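Here is what each chain is made of, one letter per residue.
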Amino acid sequence: MGVETKILEEVVIKFAGDSGDGMQLTGGQFTNTSALFGNDLGTFPDFPAEIRAPQGTLAGVSGYQLNFGSKEIFTPGDLCDVLIAMNSAALKVNLSNLKSDGIIIANISGFDVKNLKLAGYDKSPIDDGSLEGFNLIKMDVTKLTRDAIEDIPLGVKEKDRCKNMFVLGFLYWMFDRPMENTINFIQSKFSNNEDVREANLRVLKAGYHYGDTTETFTTRFHVEKAKMEPGTYRNIMGNQAVAIGLVAASQRSGLPLFLGSYPITPASDILHELAKYKNFGVRTFQAEDEIAAICSCIGASFGGSLAITTTSGPGMALKAEAMGLAVMLEIPLIICNIQRGGPSTGLPTKTEQSDLMQAIYGRNGECPMPVIAAKSPADCFDAVFEACKISVQHMTPVIFLSDGYIANGAEPWKFPLTSQLDEIKAEFAKPLENNEKFLPYQRDEKLSRPWAVPGTKGLEHRIGGLEKENITGNISYEAQNHEFMVKLREEKVNRISDYIPLQELDNGPEKGELLVVGWGGTYGAIKAAVKELLTEGYKVSHIHLRHLKPFPKNLGEILNNFEKVMIPEINNGQLVKIIRDKFMIPAIPYNKIQGIPIQKTELIVKIKELLQ
Amino acid sequence: MADILIPDALELKLSPKDFQTDQDVRWCPGCGDYSILKQVHTILPQLGLKKENIVFISGIGCSSRFPYYTNTFGMHSIHGRATAVASGLKATRPELSVWIVTGDGDAMSIGGNHFIHLLRRNFDVNILLFNNQIYGLTKGQYSPTSEENKITKSTPYGSVDHPFNPIALALGADATFVARSIDRDPAHLQQMLLRTWKHKGASFLEIYQNCNIYNDGAFEIFTEKATKKENDLFLVHGQPLVFGNLEDKGIRLDGFTPQVVSLTNGYSKDDLMIHDENDINKSMILSRLYEMKSEEYIFPKPFGVFFIRDRSTYEEVMNEQINTSVGKLGKGDLDKLLIGKENWIVE
Ligand SMILES: Cc1ncc(C[n+]2csc(CCOP(=O)(O)OP(=O)(O)O)c2C)c(N)n1
Ligand code: SF4
């Protein structure tokens, strides 16, 4: 029986198994291999909130979705073409997301009586015919793995831990991928444990040859390289891009980087990543709580460092008072909120865009702060770099928003080199001689005040959270002064719009019937939906906002060029309220609040509805 | 304390006046804060530090107005967080002399968490806790150092809280310098301020401060002529613990239990506990001395340095790590970081 090879443009694979099955690693390896091969791609890991949820349960299912293709890829994909189900629970959780003719690779030993019961199945779905229509491939991965390494002196538990490599090897065969990348990975990861190294290598190869030798599989698939913009690429995850972007901003401003942070999902990886970069002079401080984290940053910024604090929703809530202090002090500070499902502890491992209102309004008093949001994993680099630039050059704290979806997602990144990055101009107030009086709240044309760091002769001055007089910075409770200062601080932030780029249209005609306005991690889905509709002849346009405060100066003009404005968000309607308020237009919300990304297909349906 | 004087101090020719600002001091007349401000202004010129290298950071409270009245760099931050702000400044600018001014509400209540963490980390900063055992700025509620049963605006039937003992708390948090002084004893306060400054590491100085508006007389027995000698125990390293109107009493250790003994009636100085600033166990005993109960006598309140220990400071170790890393890997190369480990080229 011959094996035929089918050429595909785009494939979505979901790796799903128990938390201990190593699905994140398997997915990550397949992703890297595909990236190095030259596919465009998007990924989305989806893990349980519990670190060690009971084995075999629905709550313990960990998934990793990968969309790769020879065409441009904007999202991790909606429905899957292939589902790897390491156990019954993994099948149950993910089946509804599989295409009706999709492939299921089921690990038979994950469908024993115990696993079936834990997943709530009465009968085995892989034997009772209920999966008819799907292309079901049953494999006893556990047994095949054990057989492959029978003679290696490892315990059963350790042997079973290699199961994921069998699946990975099989998928490499099925999708015609080279194994080098993973072989190198295993060799370096287990360089000082020969048995484990040997076992993983052998199981990986066994998986590959299993496809080759058992004649049951009649089809292999091939996905060509993608036609991407020429250049050198690497694969990058959102949080990693934030960390590198911050280091880049430190280098391009000449300011030492200080990170004050308290661990919280999904922001912790930025702390982990930055803690590695000590030879860049990066100081990371794991504070006792989020309040200390941001306050330590205020101290570091007062001392002349580029200070960053990273957190997620609940931590943002704790930082609010100190953000107000930073606004009063008018010093640089970057507050990164990697949003997750709220309120309270909410959905710690799920994504949401529900902290926009908090970012723009969520502090006591009139407390304006620029807000910038990243739209994709790679865009985290540019967006956080820009946040640093604005913060330093305008002497203001800035909020940077990302979310769990782009933080953990990955995509190819055509990275810049140092010489292509803007310089960030950090200017410190110069020493004063001869008892000249230093005026800490004297302003320049941007309305920003001097950054006067301790240790500079003649600049001794006191600042604080109390209302102050402009120019001198002296405490003032004078009625007119307060109103003046409130307006001045607002104007200072608004004036940033003179220094940021005008809003550009992402896609579609400049005028017309419908404009889709997005922000943050919904980018890929909107981009893909609008692109598809345009090729089908629909008249729809897309803009994606990076600057949420202040807005680009031409935003009103753009909005007014369209009959309808639709705003998709993973929240209960936040940007839509701000846009309605500011531009007095009847913007139409589209909201999904399920802790999961908006899908291209649902957007297409909604957009078509609005175009009727 | 002549040994603390730095030769530069003479060259810099600074005087207390140089540390005053043009702002009106707004504490209530008679407030103990005035004396503390004066003693700080007195010792600052003796440190041999340039004004621009000194930073005062405070939280919120009457006491926390302090930076506005001191002509150095200063920040009046938010309630309870001066310790955290100072940690970030000291981590990044280890060469600065950083002082924290805080109150008992500021440091022990809302800022309690940052207070203990700063101590265990041992940043080289000086913490001046103005303890008036009351909330001054918010007009007279009891504080975490107020005594049990205290009647205040918020506790008309008496407070049911048990108070913190700041010295014991600091020792428990592994502070490397712990001392106590009082607003009404300028000479002792100056001496303690100088020692606080001199210690490399987190230095904690509790200063009893009279709030004559909401808690007047809280420390009277330690300051009034008639009672102070019977109630104050001044700690001197290497010396026996003697107190009393006629220096006729002492503290003796019976095992781990301290007792007050009379030096005119059977005991001599040789029998007394000798103060050892480096002995954590003895310091712990002293921190609780005043709370000890006895039918026969009352225990005095110790003033002075309870404990000192040398331990690496946080900023030292943090910067060492950076230097080691630069030594090993070379100065970070941004292009290398951007390029990463695995790339592919699209043509
Ligand atoms: C977040 C916050 N909560 C409450 C207050 C109100 N507040 C200001 S000072 C203070 C207590 C001050 O007491 P203490 O620290 O002992 O200083 P004192 O005024 O006695 O010097 C309180 C509760 C505040 N400023 N900020
Ligand atoms: S209220 Fe008390 S502590 Fe505050 S200034 Fe007046 S006397 Fe001093």
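Details of the structure are given in the entry above.
Basis of the calculations
- Residues numbered from 1 in each chain as written.
- Chains lettered and ligands numbered in written order.
- Predicted model: local features only at pLDDT ≥ 70, side-chain atom pairs only at ≥ 80, totals over all residues.
- Heavy atoms only, no water.
- 1 Å grid on protein atoms, 1.4 Å probe; cavity = no way out; pocket = protein on both sides within 12 Å on 5 of 7 lines; lining within 4 Å.
- Points joined across faces, edges and corners; volume = space filled by probe spheres on them.
- Helix = DSSP H or I, 4+ residues; strand = E, 2+ residues; numbered from the N terminus.
- Nonpolar A, V, L, I, M, F, W, Y, C, P; charged D, E, K, R; others polar.
- Near = heavy atom within 4 Å.
- Polar contact = N/O pair within 3.5 Å; in protein donor to acceptor, adjacent residues only side chain to side chain.
- Areas by Shrake-Rupley, 256 points an atom, 1.4 Å probe, with all protein chains shown as cover.
- Contact = heavy atoms within 4.5 Å.
- Buried area = accessible area lost by both parts, 1.4 Å probe.
- Salt bridge = Lys/Arg side-chain N within 4 Å of Asp/Glu carboxyl O.
- Buried < 20%, exposed > 50% of the residue type's maximum accessible area, 1.4 Å probe, protein only.
- Pairing = 2+ DSSP bridges.
- Phe/Tyr/Trp six-rings, centres within 6.5 Å; stacked < 30°, edge-to-face > 60°.
- Lys NZ or Arg CZ within 6 Å of the ring centre and 35° of its normal.
- Axes fitted to C-alpha atoms, helices over the stretch in contact; angles between N-to-C directions.

Draft legend 1. Local environment of the layout of surface pockets. One number sums up the size of the largest pocket: a volume of about 1400 Å³. Of all the elements in the fold, those that place two or more residues in the lining of the largest pocket are α1 (23-37), β3 (40-46), α7 (180-189), β9 (231-237), α9 (238-253), α10 (268-274) and α15 (404-408) of chain A together with α12 (334-339) of chain B. The element contributing the most residues to the lining of the largest pocket is α1(A), with eight residues. A class-by-class count of the residues in the lining of the largest pocket yields 17 nonpolar, 15 polar and nine charged. Of the voids in this model, the second largest pocket is the one considered here, and its volume is about 1200 Å³. Taken together, 35 residues make up the lining of the second largest pocket; nearest its centre are A:K375, A:D379, A:D382, A:D506 and A:Y523. Breaking the lining of the second largest pocket down by element, the ones donating at least two residues are α14 (379-394), β16 (410-413), α17 (523-535) and β19 (540-545) of chain A. By residue class, the composition of the lining of the second largest pocket is 17 nonpolar, four polar and 14 charged.

Draft legend 2. Quick look at the site of ligand 2. If you check the shell around ligand 2, you find B:W27, B:C28, B:C31, B:C62, B:N132, B:Q209, B:C211, B:N212, B:I213 and B:Y214 and nothing else. Of the residues in the shell around ligand 2, the class split is seven nonpolar, three polar and no charged.

Draft legend 3. Molecular detail of unusual backbone geometry. Residue and element names in this part refer to chain A. Along the chain, G342 connects to P343 via a cis peptide bond; the corresponding omega equals 0°. Take P343: it is sitting in the loop between β13 (333-339) and α13 (356-361). Here K549 and P550 are connected by a cis peptide whose omega angle stands at -15°. Here P550 lies in the loop between β20 (547-549) and α18 (555-560). Residue D176 is not a glycine yet carries a positive backbone phi of 60°.

Draft legend 4. Spatial organisation of the site of ligand 1. Around ligand 1 sit 17 residues in total, of which B:C62, B:S63, B:G105, B:D106 and B:G136 are the nearest. The environment of ligand 1 is shared, with nearby residues belonging to chains A and B. B:D106 is positioned with one of its backbone polar atoms (N or O) 2.7 Å from an oxygen atom of ligand 1. A distance of 2.9 Å separates an oxygen atom of ligand 1 from a polar backbone atom of B:G136. Contact with the protein chains hides 77% of the accessible area of ligand 1, taken as 580 Å² for the molecule alone. Sorting elements by how many residues they give to the shell around ligand 1 places helix α4 (residues 104-110) of chain B first, with four residues. For the shell around ligand 1, the per-class residue count stands at six nonpolar, eight polar and three charged.

Draft legend 5. Layout of the interface of chain B and chain A. With 59 residues of chain B at the interface, the matching set in chain A holds 71 residues. If you sort the residues of chain B by the area they bury against chain A, B:F73, B:L338 and B:W344 come out on top, with a joint share of 16%. Summed over the shared surface of chain B and chain A, the number is two salt bridges. Between B:R121 and A:E288 there is a salt bridge whose closest N-O contact spans 2.7 Å.

Draft legend 6. Here's a closer look at the environment of A:V196. All names here are of chain A. Relative to the elements of secondary structure, V196 occurs in helix α8 (residues 194-213). Residue classification places V196 among the buried residues on the basis of a relative accessible area of 15%. Residues V196 and I500, 304 residues apart in the sequence, show an inter-C-alpha distance of 53 Å. Each residue touching V196, except ones within four places of it in the same chain, is listed here: L154 and F190.

Draft legend 7. Representation of the pairing of strand β3 (residues 97-103) of chain B in the model. Residues and elements named next belong to chain B. The buried fraction of β3 is high, at seven of seven residues. Both strand β1 (residues 54-58) and β3 contribute to a ladder of five bridges, which runs parallel. Within the sheet, the bridge partner assigned to I57 lies in β3 and is I100. Examined bridge by bridge, β3 and strand β4 (residues 126-131) share five bridges and lie parallel to one another. If you follow G103 over to β4, its bridge partner there is F130.

Draft legend 8. Summary view of the packing of aromatic side chains. Scanning all chains against the criterion turns up 39 aromatic pairs over all chains. Ring centres 5.9 Å apart and planes at 80° place the aromatic pair A:Y277 and A:F280 in the edge-to-face group. Judged by centre distance (5.5 Å) and plane angle (85°), the rings of B:Y297 and B:F299 are edge-to-face. On the basis of relative accessible area, B:F299 is assigned to the buried category, the value being 3%. Connected via pairs of aromatic rings, a cluster forms that spans A:F15, A:F30, A:Y64, A:F68, A:Y172, A:F175 and A:F221. Looking at A:R449, its charged tip hangs above the ring of A:Y441, at a distance of 4.6 Å from the centre.

Draft legend 9. The arrangement of the sheet that holds strand β14 (residues 371-373) of chain A in detail. All names here are of chain A. Here we have seven strands laid out as an open sheet, ordered β11-β10-β12-β13-β15-β14-β20, and mixed in their pairing. Taken across any chain shown, the strands that pair with only one partner, and hence form the sheet edges, are β11 (283-286) and β20. Neighbour-to-neighbour, the strand axes of this sheet turn through a mean angle of 20°, independent of strand direction. When β14 meets β20, the two strands line up antiparallel, connected through two bridges. Across the sheet, the residue bridging to I372 is H547, located in β20. Contacts from helix α11 (residues 290-302) reach β10 (257-261), β11, β12 (306-311) and β13, with the element oriented near 170° to β12.

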